[in-house]
Amino acid sequence: MSYLLLAPELVLISVSILVLLLGLFIKEKKILGYVSIAALLVALLLVLGSFNVRESFVGYPFYSAVVVDSFAQFFNILFLTVALLVCIASLEYYGNNPSQDEYYFLVFIATTGMMLVAIANDLIVLFIGFELASLSTYALAGFDKNSKFGAEGAMKYFIFGGLSSAVLLFGISLAYGISGTVNILEMKEFLAAHAARFESIAILAMLLILAGFGFKMALVPFHMWAPDTYEGSPSVISALLAAGSKKMGFVAAFRVFLLALIAVKLQWYLAFAILAVITMTLGNVLAIMQNSVKRMLAYSSIAHAGYIAIAFAVIAYSSNAAQTALAGAAMHALSHALATASAFIAVAAVGLIYPKNDILENYDGLGKTAPTTALLMTVMLLSLAGIPPTFGFYTKFVLFLSAIQAELIGLAIIAVLNSALSVYYYARVIMRMYWGKPKTEKVKESPAYVTAMIIAVVITVILGLYPNPISEWAYGAAEAVLR
Amino acid sequence: MTISLMLAILLLGSIAAFLSRTREQARTAAVVSSWTALIISIFMFLNYEPSKGLNNFREFYSWIPSIGISYHVGVDGVSLPMVLLTAIISALCTIYAWEEKRRSNQFFALILVMDFSLTGVFVSLDFFLFYIFWELVLIPMFFIIGIWGGPRKDYSAIKFLIYTHVASVVMLLGIFAMYYFHGKTTGAYTFDIPVLLSAYQTLPLAPLWREFIFAALLFGFLVKMPAVPFHTWLPDAHVEAPTVGSILLAGVLLKMGGYGLFRFLIPMIPNASHLFIYAIALFGLVSILYTPVAAFTQPDIKKLIAFSSIGHMGFISLGVAAFMASGEEVPRIFAASGAMFQLFAHGIITSVLFGSAGIIEHHTGTRIIQNLGGLAKKMPKFAFLIILGFLASMGFPGMAGFVAEFSVLAGSYPQLPYIIIIALLSIPLSIGYHLWAIQRAVFGAYNERLGSVTDVTWYEFAAMAAWVLLIITLGLHPAPLFEMMRSSAVQFINILPPGGIAP
């Protein structure tokens, strides 16, 4: 019965094909959106129903190529929730688009790819999942074919992404060359036993793999594509990229990199700490300078990638703080995904009022013109800023706590000061919304956008007030990976 | 359940006010819930048992057991007067803001959110809970300054938010370190405040970490109080904030810093570097001396009042330092009780002062002292109130401020003689700027350019008179409140080594 654990992926794949086929026959294509939402809900329930599992699928037919454990399930929930929010918002954004069938197909394939990465225990499976998600998001980023910015963003994303795939594949081939296996756990055991013999090649392989994942995670210096792509893409796709695709990079990095790192026992914590510090600082400083909300959110997610990268430094440095760090990182990935996805959806909602939906001036007086959107966006920005009692506060709390637990006080100080700095640019949007002069009368807000945002806000606030269950899940999941 | 009930009423009241359609509905929600909270806090005050200490009205529920967080609240002789102060000031603020015209439902809702989160700060006995309330206070104040503020509100609101948020996150790191080292040593990871504070004294810590923890918390509190040189956010915030915002800011929000010194730093000092005692005393001294110098040069009466707050808060640092320093028990307890009393007294006095500044601005259209003059002729009721407020602020005997500052100075002198002698220099200066300001604004010939001004409205008068009455009552009969504080000071002194801490 353990194959049931793969049912969510199978549901997504079959429904994606179904959607494509249905699109050929039905006229009222908006129905496809509802079909997709229903399918995502089913998949989400299937994952939630089997949270605390560990199934390695030894022997025929998978030969340990995938492993469904609580860590994978945690990220599967993240990916499915993000896809759900994106699909609900798309009911409005692409409600009248004639190629909706292709759109939902691509979103589903991208989500399946991300989920494959989360359950991969084999570098080939991982790479396939990575490419599945990448290829479909390249197409999605340029889905508004008439938009010049969209084309530019998609092109940049494609070129950088293609390069990163090549680099990643080269790293994987080197790792395979050393160890003779593509199975991650076997590779870990091999490296632990023979690290000394292959040290230089192992370092090279790891650097290349890190670069490959780094592009997806948008860690500095692999972040250049992110602001242009997020700005140019349709807002709902920016949500998918920032909330879903980016977290795929993290789950892959945690799966592969940390295990190998622990095995090789490289004392690389300093390199990781510097990487985290540069990423968060650059992201925050550049975010302050932006006049476009979408670019601001792009740089803010670079900064958040920096916060999550603290976990790498902590795990590399101290084994007794590793569990807290990994749990904090996983939870922060979730809180950032929820918040940034709904912030991008809010940008899409502003697009209904003004054609140029990302200029900061157009948020003036949004508290009057679109009060629900403004209120929901405010909660999400506060969550991104880490102000209690939101989930974003709790996750930063755990993440920074892990830095103290590792006794990396300098890293912790820089991280909290960065977080304090970031309050500035989030608060600036809130200020515009609540004490800027409204430019138009009160408008009717789209139910689809509002529903998507309300779902995210309710989850964020409930988890912020009562984080115990998710916290226990995340700690358990972290233990499963580190063991 | 009493404390939770109070918090729940305030939260529900703020939601009701936010959702209401008219000003009358919002005001009713605000008045009913804030006055109910006041009644509950008076009930708590009357039923307080000094011998039980923090066990008064204690509640403990597990909340996030996976990392040792609980919902733990309770009050003692330090926090209960603060809860009462919050309730009094918020309740009177709802009266003072009776006819708020702009976005009145949001305004009343934010007052209640402030009331809720400030009360939460003072009752929390779990660091996580405490920090949530501590940060939550910033959000309504940010909106109050930003939406109802003056011309430079954008700058002031964001400066207030970032400056105090930086201090909070630094404090949070100190909390993390305490949590981690306690868990590492004992195996029990918890954010419980009483447990961590008592454990801090015996934790085997590296010197760097020991001093870091203390300094991080101290920094968080000094910025909030604020102590010179971390005070620069305060005058800006006050100048731009609406009157009720200023009252809540100076009356209660600053008290969070002073409260923090008592709740956290006094139990921690035995294990920290003893130089911190002198650091705290010096921060207090500098604030006391700097204030009159800055206040003399202010053309804006509200900014002058804002600076006066900084000086008054300096007495609290001074009293805390004198309590920690080595000396006889009696004067140390006296100093500490005086400092606690100052927390309460200054909250009430500053409400009158900022209330007066608000009335001046509202009725004459300006706050610049030079453009005022002779207000007593046109606004006799107002003149009566503002004079009493200014007298209380300069420490006139028979009023609450005198009791507090006299106790601090008298109780601190044996431990810190030189510092107190220097601090005394500020008293004539302080009297000077108070009198000079009031002489120019209220007395003399009426400035005809102001046109015709009206005297205070009934709701302004009611709120201000209530505060003034409290000042005089506490000045003449401080015993009930003072005794409660003294009982807490006695409990604190047993935490410290006998005879205090020698340098």
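Quick notes on the rules
Residues numbered from 1 in each chain as written. Chains lettered and ligands numbered in written order. Predicted model: local features only at pLDDT ≥ 70, side-chain atom pairs only at ≥ 80, totals over all residues. Heavy atoms only, no water. Salt bridge = Lys/Arg side-chain N within 4 Å of Asp/Glu carboxyl O. Contact = heavy atoms within 4.5 Å. Buried area = accessible area lost by both parts, 1.4 Å probe. 1 Å grid on protein atoms, 1.4 Å probe; cavity = no way out; pocket = protein on both sides within 12 Å on 5 of 7 lines; lining within 4 Å. Points joined across faces, edges and corners; volume = space filled by probe spheres on them. Helix = DSSP H or I, 4+ residues; strand = E, 2+ residues; numbered from the N terminus. Nonpolar A, V, L, I, M, F, W, Y, C, P; charged D, E, K, R; others polar. Buried < 20%, exposed > 50% of the residue type's maximum accessible area, 1.4 Å probe, protein only. Pairing = 2+ DSSP bridges. Polar contact = N/O pair within 3.5 Å; in protein donor to acceptor, adjacent residues only side chain to side chain. pLDDT = per-residue confidence, 0-100. Axes fitted to C-alpha atoms, helices over the stretch in contact; angles between N-to-C directions. Parallel < 35°, antiparallel > 145°, perpendicular 65-115°, else oblique. Left-handed = near helix turned anticlockwise from the far one by under 90°. Patch = residues over 30% accessible without salt bridge, like charges linked within 9 Å, V, L, I, M, F, W, Y side chains within 5 Å. Areas by Shrake-Rupley, 256 points an atom, 1.4 Å probe, with all protein chains shown as cover. Phe/Tyr/Trp six-rings, centres within 6.5 Å; stacked < 30°, edge-to-face > 60°.

Enquirer: Any chance you could explain the pattern of salt bridges here in plain terms?
Expert: A side chain with one charge may pair with a side chain of the opposite charge, provided their charged atoms come close. Under the definition given, this model contains 17 salt bridges over all chains. Here the salt bridges share partners, and the residues they tie into one network are Glu152(A), Lys156(A), Asp228(A), Glu231(A) and Arg295(A).

Enquirer: It is not clear to me how the interface of chain B and chain A should be interpreted in this structure. Could you clarify?
Expert: Interface size, as often reported, equals the accessible area lost upon joining of the parts. Contact with chain B, which involves 39 residues of that partner, is made by 38 residues of chain A. Both faces combined, the contact of chain B with chain A buries some 3,500 Å², and carbon together with sulfur accounts for 80% of it. Of all residues in chain B, Leu173(B), Phe176(B) and Tyr180(B) give up the largest surface area on contact with chain A, accounting jointly for 16% of the area buried on that side. The shortest N-O distance in the salt bridge between Lys184(B) and Glu407(A) comes to 3.2 Å.

Enquirer: It is not clear to me how the layout of surface pockets should be interpreted in this structure. Could you clarify?
Expert: Picture a little ball the size of a water molecule; that probe, rolled over the atoms, points out where space is still empty. Residue and element names in this part refer to chain B. Roughly 630 Å³ of volume is contained in the second largest pocket. In this structure, the second largest pocket is lined by 25 residues; those nearest its centre are Glu-100, Pro-242, Thr-243, Glu-361 and His-362. Among the secondary structure elements, those contributing two or more residues to the lining of the second largest pocket are α10 (233–240), α11 (243–253), α15 (329–364) and α21 (458–476). Element by element, the count of residues in the lining of the second largest pocket is highest for α15, at 3 residues. Looking at the lining of the second largest pocket residue by residue, the classes come out as 11 nonpolar, 6 polar and 8 charged.

Enquirer: Sorry if this is basic, but what is going on with the environment of Gly319(B) here?
Expert: All names here are of chain B. For Gly-319, the location among the structural elements is in helix α14 (residues 301–324). Here Gly-319 falls in the buried class, since its relative accessible area comes to 0%. For the pair Gly-319 and Glu-405, spaced 86 residues apart in the sequence, the C-alpha separation amounts to 9.1 Å.

Enquirer: Got a minute to help me understand the environment of Gly367(A) in this structure?
Expert: Residue and element names in this part refer to chain A. Structurally, Gly-367 is set in helix α14 (residues 366–369). In this structure the C-alpha to C-alpha distance between Gly-367 and Met-431, which are 64 residues apart in sequence, comes to 9.7 Å. Other than its neighbours up to four places away in sequence, Gly-367 contacts Ala-374, Met-433 and Tyr-434.

Enquirer: I'm lost on the pairing of strand β1 (residues 56–64) of chain B in this one. Help?
Expert: Every regular strand shows the same layout, with side chains that alternate between the two sheet faces. Residue and element names in this part refer to chain B. For β1 and strand β2 (residues 69–75), the ladder comprises 6 bridges, and the chain directions are antiparallel. Bridge pairing links Phe-60 to His-72 in β2. As consecutive antiparallel partners, β1 and β2 are separated by 4 residues, and within that stretch Gly-68 has a phi angle of approximately 80 degrees, a positive value.

Enquirer: Looking at this model, I keep getting lost on the side chain of Thr119(B). Mind explaining?
Expert: The residue Thr119(B) is located in helix α4 (residues 104–123) in this model. Side-chain polar atoms of Thr119(B) contact the backbone oxygen of Asp115(B), separated by 2.6 Å.

Enquirer: What is the right way to read unusual backbone geometry from this model?
Expert: Across residues other than glycine, the phi torsion is negative in most instances, and most of the peptide bonds are trans. The amide bond that connects Pro388(A) to the next residue, Pro389(A), takes the cis arrangement and shows omega of 0 degrees. Turning to its location among the elements, Pro389(A) is positioned in the loop between α15 (371–385) and α16 (391–405). For the bond from Val228(B) to Pro229(B), the omega torsion is 10 degrees, close enough to zero to count as cis. Positioned with a positive phi, Phe57(B) is a non-glycine residue whose angle comes to about 55 degrees. Mapped onto the secondary structure, Phe57(B) falls in strand β1. The class for Phe57(B) is buried, based on a relative accessible area of 18%. Phi angles above zero are rare outside glycine, and Arg103(B) is one such case at about 40 degrees. Positionally, Arg103(B) belongs in the loop between α3 (79–96) and α4.

Enquirer: Help me out: how do you make sense of the confidence of the model for chain B in this one?
Expert: Caution applies to low-pLDDT parts of the model: their predicted coordinates are not meant to be read in detail. Here chain B shows a mean pLDDT of 92. Residues at 70 or above account for 100%. Interface predicted TM-score (ipTM) for the complex: 0.91; the corresponding pTM is 0.93.

Enquirer: How should I be thinking about the packing of helix α1 (residues 2–19) of chain B against α4(B) in this particular structure?
Expert: For any two helices packed against each other, the geometry is given by the interaxial angle and the distance between the axes. Residue and element names in this part refer to chain B. Between α1 and α4, the least distance of the axes is 7 Å, while the angle of their chain directions is 160 degrees. With respect to their mutual orientation, α1 and α4 come out roughly antiparallel. The crossing of α1 and α4 is left-handed. Taken together, the residues of α4 that come into contact with α1 (itself represented by Ile-3, Met-6, Leu-7, Leu-10, Leu-11, Gly-13, Ser-14, Ala-17 and Phe-18) are Asn-105, Gln-106, Phe-108, Ala-109, Leu-112, Val-113, Asp-115, Phe-116, Thr-119, Gly-120 and Val-123.

Enquirer: Just to check I follow, could you spell out a nonpolar patch on the surface for this structure?
Expert: Residues and elements named next belong to chain A. A grouping of Leu-10, Ile-13, Ile-17, Leu-21, Leu-24 and Phe-25 is seen on the molecular surface, where their side chains present a nonpolar patch of about 640 Å² in accessible area. Within the element layout of this structure, Ile-13 appears in helix α1 (residues 7–25). Judged by relative accessible area, which is 36%, Ile-13 ranks as partly exposed.

Enquirer: How should the packing of aromatic side chains be read in this particular structure?
Expert: Any aromatic ring pair is given by two values, namely how distant the centres are and how the planes are angled relative to each other. Here the structure, examined in full by the defined rule, presents 70 aromatic pairs over all chains. Taken together, a centroid distance of 6.3 Å and an interplanar angle of 85 degrees make the contact between Phe71(A) and Phe254(A) edge-to-face. Separated by 183 residues along the polypeptide, Phe71(A) in helix α3 (residues 70–93) and Phe254(A) in helix α10 (residues 235–264) bring together distant segments of the chain. With a centroid separation of 6.0 Å and 80 degrees between ring planes, the pair formed by Tyr394(A) and Phe128(B) is classed as edge-to-face.

Enquirer: Help me out: how do you make sense of the side chain of Ser287(B) in this one?
Expert: Residue and element names in this part refer to chain B. Looking at where Ser-287 falls in the secondary structure, it is placed in helix α13 (residues 275–296). For Ser-287, a relative accessible area of 1% translates into the label buried. In terms of polar contacts, Ser-287 uses its side chain to reach the backbone carbonyl oxygen of Phe-283, at 2.8 Å. Sequence-distant contacts of Ser-287, defined by excluding residues within four places in its chain, comprise Ala-227, Val-228, Ile-310, Gly-311 and Gly-314.

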